[in-house]
Amino acid sequence: MLKKLLRAVTAPARVTAEVPAGQRVYAVGDIHGSRAALSELLDLIAADDRERGPADTRIVFLGDLVDRGPDSAGVVEDLLRLSRERPGVRFVFGNHEEIFLGAVAGEAKSTRMFCRVGGRETALSYGLSAPDYERMDHAELSAWLAQHVPADHVAFLSGFEPSVAVGGYLLVHAGVHPDRALDAQRESDLRWIREPFLGHGKPLGAMIVHGHTISEAVDYRPHRIGIDTGAYMPGGRLTALGMEGAATWEMSVPGDLR
């Protein structure tokens, strides 16, 4: 089942986008509750940033902090704290944030989907017992989430951005619709799209850096760079893409189910 989520990776294409002079950017792929991996990756980013010398450094998280992995609540708490302590950290809204917040808000459709896409692990990370999860119906689960997910977590996730533009890059969660101008994208596409974006193959006015679609390694294409490497999966990794000037580099750590 999980193998079906993986896309083959092609040889790297030449990346022609650039980050504005003086800036350094790290884009972090889908975390999905992988708290231990997140801690390790942030340490790697900090060390790499120090070694490269002074810069206006920014970290952009590409969404899907929650679901599937073992500690979504811990991931949200850690990144909420990071957002308060460090300037230059930004967050892109992912489809799993959309689903989770909908479930917390009592939306029946979102709660049903939450249960199908790894929400069980998220609910347990907030303190719900496995037996109670199994006996609850969707309305009861939504009511429990509304009572037990901290208000500051809800406010934090609700404040995520649809996309982040940096120089010649556009950082999004899922991708963009190639038939729409970059400044006229629908937020639903930014969070959910796969095709026709993934196979488009032609430049789009900016290099799109995205998560959402899992690949075995960083997936370089002429129009996009995919950095979701399946952190929540057994043998998966959590990946960051570094960008400075016209250069890119990558770093990754094993996911929590290593």
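Residues numbered from 1 in each chain as written. Predicted model: local features only at pLDDT ≥ 70, side-chain atom pairs only at ≥ 80, totals over all residues. Heavy atoms only, no water.

(A) Quick look at helix 3 (residues 95-104). Counting buried positions along helix 3 yields 9 of 10 residues, so the element is predominantly enclosed. Within helix 3, burial applies to Asn 95, His 96, Glu 97, Ile 99, Phe 100, Leu 101, Gly 102, Ala 103 and Val 104. Residues of helix 3 that are buried sit in contact with helix 4 (108-116), helix 5 (119-125), helix 7 (138-148), helix 8 (151-158), helix 9 (187-192) and strand 6 (207-214). Looking at the residues trailing helix 3, positive phi occurs at Gly 106, about 90°. (Buried < 20%, exposed > 50% of the residue type's maximum accessible area, 1.4 Å probe, protein only. Helix = DSSP H or I, 4+ residues; strand = E, 2+ residues; numbered from the N terminus. Contact = heavy atoms within 4.5 Å.)

(B) Region of the structure containing the pattern of salt bridges. Applying the stated criterion across every chain, the model contains 17 salt bridges. Among the salt bridges present, the one from Asp 56 reaches Arg 58, with a minimum N-O distance of 2.8 Å. For Asp 56, a relative accessible area of 36% translates into the label partly exposed. Between Asp 152 and Arg 84 there is a salt bridge, and its shortest N-O distance comes to 3.8 Å. Residue Asp 152 is located in helix 8, and its partner Arg 84 is located in helix 2 (residues 72-85); the two are separated by 68 residues in the primary sequence. Bridged by salt links that share partners, the residues Arg 35, Asp 71, Asp 78 and Arg 81 form one connected network. (Salt bridge = Lys/Arg side-chain N within 4 Å of Asp/Glu carboxyl O.)

(C) A look at the sheet that holds strand 7 (residues 219-220). Strand order across the open sheet formed by 5 strands is 4-5-6-8-7, with mixed pairing between neighbours. Taken across any chain shown, the strands that pair with only one partner, and hence form the sheet edges, are strand 4 (164-166) and strand 7. Relative to strand 5 (residues 169-171), strand 4 runs antiparallel, the two sharing 3 bridges. Its bridge partner being in strand 5, Ala 165 is matched across the sheet by Leu 170. (Pairing = 2+ DSSP bridges.)

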